[in-house]
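Residues per chain are reported as follows:
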Number of protein chains: 2
Amino acid sequence: MSYRAPVAELAFTLRHVAGLEAVLAARQSDLTPEDARAVLEEAGRLAGSVLAPLNRVGDRHGTPLNDGAVTTPPGWREAYRTFAEGGWNGLSAPESHGGQGLPLLLNAACTEIWNGANLAFSLCPLLTAGGIEALEKHGSEELKAAYLDKLVSGEWTATMNLTEPQAGSDLALLRTRAEPNGDGSYRITGAKIYITYGEHDLTDNIVHLVLARLKDAPAGTRGISLFLVPKVLPDGSHNDLRCSGIEHKLGIHASPTCSMAFGDRGGATGWLIGEENRGLACMFTMMNNARLNVGLQGVAVAEAATQRALAYAQDRRQGKAPGAEAGGGASPIIEHSDVQRMLLTMKATTAAARGICYLTAAALDAARGPEGQAALDRASLLTPVAKAFSTDIANEATSLGVQVHGGMGFVEEAGAAQYMRDARILAIYEGTNGIQALDLVGRKLPLNGGATVRAQIAAMREVAESVLKDGHPGFGHTAARLRAAIESLDRATSFALRALGSNRPEEALAGATPYLRLFGLAQGGACLAKAALAASAALRAGETDPAHAGRIALARFFAENLATAAGGLEQTVLDGGGFVQDAKLALAG
Amino acid sequence: MSYRAPVAELAFTLRHVAGLEAVLAARQSDLTPEDARAVLEEAGRLAGSVLAPLNRVGDRHGTPLNDGAVTTPPGWREAYRTFAEGGWNGLSAPESHGGQGLPLLLNAACTEIWNGANLAFSLCPLLTAGGIEALEKHGSEELKAAYLDKLVSGEWTATMNLTEPQAGSDLALLRTRAEPNGDGSYRITGAKIYITYGEHDLTDNIVHLVLARLKDAPAGTRGISLFLVPKVLPDGSHNDLRCSGIEHKLGIHASPTCSMAFGDRGGATGWLIGEENRGLACMFTMMNNARLNVGLQGVAVAEAATQRALAYAQDRRQGKAPGAEAGGGASPIIEHSDVQRMLLTMKATTAAARGICYLTAAALDAARGPEGQAALDRASLLTPVAKAFSTDIANEATSLGVQVHGGMGFVEEAGAAQYMRDARILAIYEGTNGIQALDLVGRKLPLNGGATVRAQIAAMREVAESVLKDGHPGFGHTAARLRAAIESLDRATSFALRALGSNRPEEALAGATPYLRLFGLAQGGACLAKAALAASAALRAGETDPAHAGRIALARFFAENLATAAGGLEQTVLDGGGFVQDAKLALAG
């Protein structure tokens, strides 16, 4: 059982949940939804035939480091070449630099496809995409001319060098130093850790984006600058940087996580991106995209785990399900309601997270069109939810995938465990999910005095109202349960905004994690209901695709079995972190 | 940071949650609570100094198989000898066979300690304990004379051979055959998988308990018999059995999971335990114990993960916590409320699961005393909750342990990931947690027409009432939230009993998993509140141990932040599996 891109479902979500038509119209693009679907089909073919077969190979092989050189697993180089030559690397990069200039929304679906097939592989182009974005927005014309085309084409790859041993979530603690050479270049000295694809053999050059501190820079995050530090310098010589170690990790074994040493021999040569001491601002401009991409990785690995668990449950026979014929032998375990509950939980949370991620991508696209800032604010609001909710459910779904397999799930050969191991990093990198929750409550709820979040809740409410009006019997209690979740979110939002506005921010922030989960359940339920409403309309219009009834059933399952957690989450948020005062006492015992 | 047995907490739980004094009194034991505590201290020393240091070694080394021989990791043999020579193997085994005859309740605390230090190691004596129980209750006098003393002393170990490739959860599908030799022995032929410690180098002999089918036995589970099949026969010759393979697993790498081949050369020699075709009944008599032990493994690994995460969070500095001095540098991450929430969730769920497991052990002890059947019924009711809730929270807590470590958690060197990998089997083996939930709802709720579960709920209610009366301000909303959870459980129980009694069992069974979680939250919350009430009384009596205030704060955290999920779970149970009808449509898409 290998990953297959769920193209029909992705296309349906693009159109009926995220509003692909509106995105295309706002860009005055001549791309049609049919073109978009053709892109997905093509991506799915490549993912299924080239990337997915390498997923287990990569897990077993890892990326050994010898004398500073990192070897990727067998087949990796060829796959990377195929990927780059297909133009996939620059799908949403500007056409002026050789990209395809497609909407981020369509790129989001493709990102899901690559990562569903092979998370460890797909991290490499994901990092390059971040480098392209930073360079495009903040790089000088010279730097762009020298590096951008080759990054877009995939001839070279990019990395992000942020973390240092003492500076993980807290970039204010960075120590890597930069000194001007006087010729416009800088000497970079320092040690970085957790650098994804910091060294590899896929391309001839690697473009490192490095956060460092100038000599007289202010302390804290306002004294950090961003530099471009290539592995190979323009004159062809090797820069003064090397991979000094590779982490032995729980998952994504085929993605080399490097410790990088800059300046062993006096300093690596780099060039400033953007202004001095404004490095963090440069990073922030690509943060929405990067965090969304990690959310999409969560959706992707959850989808892959779901496909594998479904296939196993259809095949494996144990026990007799209620209603099975007497004497007919054991039933496929998919007939047992507790197995169905696990599979439906996997599928429904995956679809809900997908909806949230695609909505976020559509908002980023819309921000470039006439809607402008309002759409950007919406994207900013949704981004921490897209990142954290999707990666939380990725942990849950991949663990359920192991459970569906029973004892076989614990055996690495089955492949279910790899998804769980690979997924585990997603809730951690690109800002831990705890930091996402603090960002959502502390920075995003107050946007426009709360108007951004209020508008988003109003849009969810409309969906719930439409379900009530639709009347398809398959919806069961969907409208009531979804409405209850949205009202819980509304009350929790009011509580948080009040606390933030009354100089009692800790009361809101202590409940940030349950608040984010509550937001994800309400928004995710609304996304599923939106898809189900479109399905219901299609059925009324005479379409006979059985997937439509499935969409209604999935929305119902989510509302009746998962969104029901909303009330408890609201209560916890409203208790206002009463635990904080005595937390240390409780933890000391 | 290595595991340290939390002796004070275990002793407090034994006394104030599980009622150690009552257990000792009912056995007319001259053991005092102080003696019990001394046993825990001693166990803690051994666990900390001998077993815990081997935990990482075992994970890295695994158990290679060569020519049928399995090599345990370096240090394993010496540790096993120390463990056995200390008399720990037979702690609750009968004194008539060289055991210590201590209460199961005390043994439960020791089981937690061994597994907290080293899960992979401790599985070996756990399996042996199961073998001792089966043999003691059902073995002939000859078999007991030949095997029981050596199993109790730990000179030999025991295994359980149940699973076959086609028969995992469904033992009716077993195919291993047994034929009488005419001399009272049988020839066993067949293949078994997932046999824990099926082969190893710790002892000279291994006593396999094997489920097999006699020639003319009825089909299904009523035609299964249990046999004792030793690796080395009484005449010193090697029996016709071998380890044919070792699984490459996600976790517990140092516990050899063997495929066993019986009868390559005509048949392995074995002896019947109990009556022909009654093998499953023999297995069932030890099921309460075995499932409780797996629950304790969950508590143990969650405790170990919590200790490690706490130590890391006290040490690691990132960001500035609210209220931290200006200019004082970064705060330890334990000062941040979202990290506190993770740590408190780990600690509170661990303590709640511990309470449930110890209550179950106390009920098993009480079943041997004057209370008899009523206590056994209570143990039967609690057992699936002890197994499934504890192992579910073990998955959650060990994953949170990774999260608290940030990027370091994903690196194997930190040790957090190993706990997560090791824990993952617990929800699967000894009956998957889905099967535990079905057992709870389908078989245990109807015990005595529902009187057993009603009595248990009444006992929880009393605890909530006592919290209301206690009035310690640290309780916050504990009484109200706990009471709400208990009433949710009560209503969900009534719903399930009605459905079961009205020939609509599927309506109850479809909600079995959320029902079990609901039960665990209410019962776990009651256990924590019971401990907190004892702490509050101790404070009133003038005790100054700061751990008492911590117990109250922990009970509060659980009630306000975790038990709040009860209402949503109730609603899902009451929706009665409305999803089942359309489940296949939703899964087909």
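Residues numbered from 1 in each chain as written. Chains lettered and ligands numbered in written order. Predicted model: local features only at pLDDT ≥ 70, side-chain atom pairs only at ≥ 80, totals over all residues. Heavy atoms only, no water.

In the annotation of an unreviewed UniProt entry, the entry for chain A reads 3-methylmercaptopropionyl-CoA dehydrogenase, and the organism field reads Methylobacterium oxalidis. Note on chain A: under the UniProt heading Function (unreviewed entry), the record states "Involved in the assimilation of dimethylsulphoniopropionate (DMSP), an important compound in the fixation of carbon in marine phytoplankton, by mediating the conversion of 3-(methylthio)propanoyl-CoA (MMPA-CoA) to 3-(methylthio)acryloyl-CoA (MTA-CoA)." The record in UniProt for chain A states the following under Catalytic activity (unreviewed entry): "3-(methylsulfanyl)propanoyl-CoA + oxidized [electron-transfer flavoprotein] + H(+) = 3-(methylsulfanyl)acryloyl-CoA + reduced [electron-transfer flavoprotein]". (UniProt positions renumbered as here; feature names shortened; annotations may be inferred.)

When helices and strands are tallied, chain A shows 21 helices and 10 strands. The C-alpha radius of gyration of chain A comes to 24 Å, within 12% of the 25 Å expected for a compact globule of 589 residues. Once the C-alpha set of chain A is aligned to its principal axes, its extents read approximately 80 × 60 × 60 Å. Residue pairs at least 24 apart in sequence account for 74% of intrachain contacts in chain A once pairs closer than 6 positions are excluded. A total accessible area of about 20300 Å² is found for chain A, and carbon and sulfur atoms account for 51% of it. (Helix = DSSP H or I, 4+ residues; strand = E, 2+ residues; numbered from the N terminus. Rg over C-alpha atoms; globule rule 2.2 N^0.38 Å. Contact = heavy atoms within 4.5 Å. Areas by Shrake-Rupley, 256 points an atom, 1.4 Å probe, with all protein chains shown as cover.)

Partitioning chain A into structural domains gives domain 1 (7–153), domain 2 (157–277), domain 3 (286–431) and domain 4 (433–579). Here domain 2 of chain A and domain 4 of chain A have C-alpha centroids that lie 40 Å from each other. (Domains from an automatic or database assignment.)

Bringing helix 3 (residues 33–51) of chain A into the picture now. Residues and elements named next belong to chain A. Its 19 residues place the ends of helix 3 25 Å apart at the C-alpha level, agreeing with the 27 Å of an ideal helix rising 1.5 Å per residue. Along helix 3, the residues that are buried comprise Pro-33, Ala-36, Val-39, Leu-40, Ala-43, Gly-44, Leu-46, Ala-47 and Leu-51. Considered in projection along helix 3, the buried side chains sweep an arc of 165° and stay on one side of the axis. Away from the buried face of helix 3 by more than 90 degrees, exposed residues Glu-34 and Ser-49 are located. Packed against the buried residues of helix 3 are helix 1 (7–16), helix 2 (20–26), helix 4 (54–61), helix 5 (76–85), helix 6 (104–117) and helix 7 (119–138). (Expected span 1.5 Å × (residues − 1). Buried < 20%, exposed > 50% of the residue type's maximum accessible area, 1.4 Å probe, protein only. Arc of directions from axis to C-beta.)

In this section: unusual backbone geometry. Of note in the backbone geometry, Tyr-197 of chain A takes a positive phi value of approximately 55° without being a glycine. By secondary structure assignment, the location of Tyr-197 of chain A is in the loop between strand 5 (185–196) and strand 6 (206–214).

Once that is clear, we can look at the confidence of the model for chain A. When the pLDDT values of chain A are averaged, the result is 96; 100% of them are 70 or greater. Predicted complex metrics record ipTM = 0.97 and pTM = 0.98. (pLDDT = per-residue confidence, 0-100.)

The next point concerns the interface of chain A and chain B. Taken residue by residue, the interface counts 86 residues in chain A and 86 residues in chain B. Both faces combined, the contact of chain A with chain B buries some 7200 Å², and carbon together with sulfur accounts for 59% of it. Counting the surface chain A buries against chain B, the share from its top three residues, Phe-410, Phe-579 and Leu-587 of chain A, is 12%. If you look at where chain A meets chain B, you find 4 salt bridges. Between Arg-481 of chain B and Asp-575 of chain A there is a salt bridge, with its nearest N and O atoms 2.8 Å apart. Inspection of the chain A/chain B interface yields 37 residue pairs in polar contact (both at pLDDT 80 or more). Considering each element in turn, the side of chain A that touches chain B owes the most residues, 9 residues, to helix 19 (residues 546–561) of chain A. Tallied by class, the residues present in the side of chain A that touches chain B amount to 38 nonpolar, 28 polar and 20 charged. (Buried area = accessible area lost by both parts, 1.4 Å probe. Salt bridge = Lys/Arg side-chain N within 4 Å of Asp/Glu carboxyl O. Polar contact = N/O pair within 3.5 Å; in protein donor to acceptor, adjacent residues only side chain to side chain. Nonpolar A, V, L, I, M, F, W, Y, C, P; charged D, E, K, R; others polar.)

On to the packing of aromatic side chains. Think of a pair of aromatic rings as described by two things: how far the centres are apart, and how the planes are tilted against each other in angle. Residues and elements named next belong to chain A. Evaluated as defined, the whole model comprises 16 aromatic pairs over all chains. Between Trp-88 and Trp-114, the aromatic rings sit 5.0 Å apart at their centres with planes inclined by 70°, giving edge-to-face as the arrangement. One end of the pair, Trp-88, is in the loop between helix 5 and helix 6; the other, Trp-114, is in helix 6, and 26 residues separate them in sequence. For the pair Trp-88 and Trp-114, a shared accessibility class is recorded, and that class is buried. One aromatic cluster in this structure is built from Trp-76, Tyr-80, Phe-83, Trp-88, Trp-114 and Phe-121. Directly above the aromatic system of Phe-12 lies the positively charged group of Arg-551, at a separation of 3.6 Å from the ring centroid. (Phe/Tyr/Trp six-rings, centres within 6.5 Å; stacked < 30°, edge-to-face > 60°. Lys NZ or Arg CZ within 6 Å of the ring centre and 35° of its normal.)

For the pair chain A and chain B, the best superposition has an RMSD of 0.0 Å and corresponds to a rotation of 180° with a translation of 0.0 Å parallel to the axis. What the superposition gives is, in effect, a two-fold axis relating one chain to the other. For chain A, the minimum C-alpha distance to the rotation axis belongs to Ala-565 of chain A and amounts to 3.0 Å. Here 100% of the contact residues of chain A are again contact residues in chain B; the copies associate through an equivalent surface. (Least-squares fit on C-alpha atoms with pLDDT ≥ 70 in both.)

This part takes up the UniProt feature "domain: Acyl-CoA oxidase/dehydrogenase middle" (unreviewed entry) in chain A. According to UniProt, the "domain: Acyl-CoA oxidase/dehydrogenase middle" (unreviewed entry) feature falls on residues 160–263 of chain A. As a span, residues 160–263 of chain A carries 0% helix and 44% strand, and end to end its C-alpha atoms are 17 Å apart.

According to the stated counting rule, one finds 68 salt bridges over all chains in the structure shown. Two residues, Glu-41 of chain A and Arg-37 of chain A, come together in a salt bridge whose shortest N-O distance is 3.5 Å. In this pair, Glu-41 of chain A and Arg-37 of chain A both sit in helix 3, 4 residues apart, roughly one turn of the helix. You can call Glu-41 of chain A partly exposed: its relative accessible area is 32%. Note on Arg-37 of chain A: relative accessible area 35%, which makes it partly exposed. Here Asp-59 of chain B and Arg-56 of chain B are joined by a salt bridge, their closest N and O atoms 3.5 Å apart. Linking Asp-59 of chain B with Arg-56 of chain B, this pair stays in helix 4 (residues 54–61), spanning 3 residues, or about one helical turn. Residue Asp-59 of chain B is classed as buried on the basis of its relative accessible area, which comes to 9%.

Looking at the element boundaries, Asn-288 of chain B is found in helix 10 (residues 287–315). Residues in contact with Asn-288 of chain B, not counting those within four places in the same chain, are Leu-364, Leu-376, Ala-379, Ser-380 and Thr-383 of chain B.

A few words now on the pairing of strand 4 (residues 177–180) of chain A. All names here are of chain A. Where strand 4 and strand 5 come together, 4 bridges link them in antiparallel fashion. Bridge pairing links Arg-177 to Thr-189 in strand 5. Turn length for the strand 4-strand 5 hairpin, with the two strands adjacent in sequence and antiparallel, is 4 residues, and the turn residue Gly-182 shows positive phi of about 95°. (Pairing = 2+ DSSP bridges.)

All names here are of chain B. Helix 7 (residues 119–138) packs onto helix 6 (residues 104–117) with a crossing angle of 140° between their chain directions and a minimal axis gap of 6 Å. On the basis of their axis angle, the class for helix 6 and helix 7 is oblique. Relative to helix 7, helix 6 is oriented so that their crossing is right-handed. Touching Thr-111, Trp-114, Asn-115 and Ala-117 of helix 6 are Leu-119, Ser-122, Leu-123 and Leu-126, all from helix 7. (Axes fitted to C-alpha atoms, helices over the stretch in contact; angles between N-to-C directions. Parallel < 35°, antiparallel > 145°, perpendicular 65-115°, else oblique. Left-handed = near helix turned anticlockwise from the far one by under 90°.)

Below, the discussion takes up helix 15 (residues 451–470) of chain B. All names here are of chain B. End to end, helix 15 covers 29 Å across 20 residues, agreeing with the expected 28 Å (1.5 Å per residue, within 8%). Every buried residue belonging to helix 15 is among Thr-452, Val-453, Gln-456, Ile-457, Met-460, Val-463, Ala-464, Val-467 and Asp-470, and all of these are buried. With its buried residues spanning 135° around the axis, helix 15 presents them on a single face. Opposite the buried face of helix 15, by more than 90 degrees, sit the exposed residues Glu-462, Leu-468 and Lys-469. At its buried positions, helix 15 is contacted by helix 11 (337–367), helix 12 (373–404), helix 16 (478–501) and helix 18 (512–540).

UniProt records the feature "domain: Acyl-CoA dehydrogenase/oxidase N-terminal" (unreviewed entry) at residues 73–155 of chain A, using the numbering of this structure. The span residues 73–155 of chain A is 69% helix and 0% strand, and its two end C-alpha atoms sit 19 Å from each other.

One pass over the full model with this rule turns up 0 disulfides over all chains. Among the cysteines around Cys-110 of chain A, which has no disulfide bond, Cys-357 of chain A carries the closest sulfur, lying 15 Å off. (Disulfide = S-S within 2.5 Å.)

Take the environment of Pro-53 of chain B next. All names here are of chain B. Within the fold, Pro-53 resides in the loop between helix 3 (33–51) and helix 4. Sequence-wise, Pro-53 and Asn-118 are 65 residues apart; in three dimensions their C-alpha atoms are separated by 8.4 Å. In this structure, Pro-53 is in contact with Ala-47 and Gly-48, ignoring residues within four places of it in sequence.

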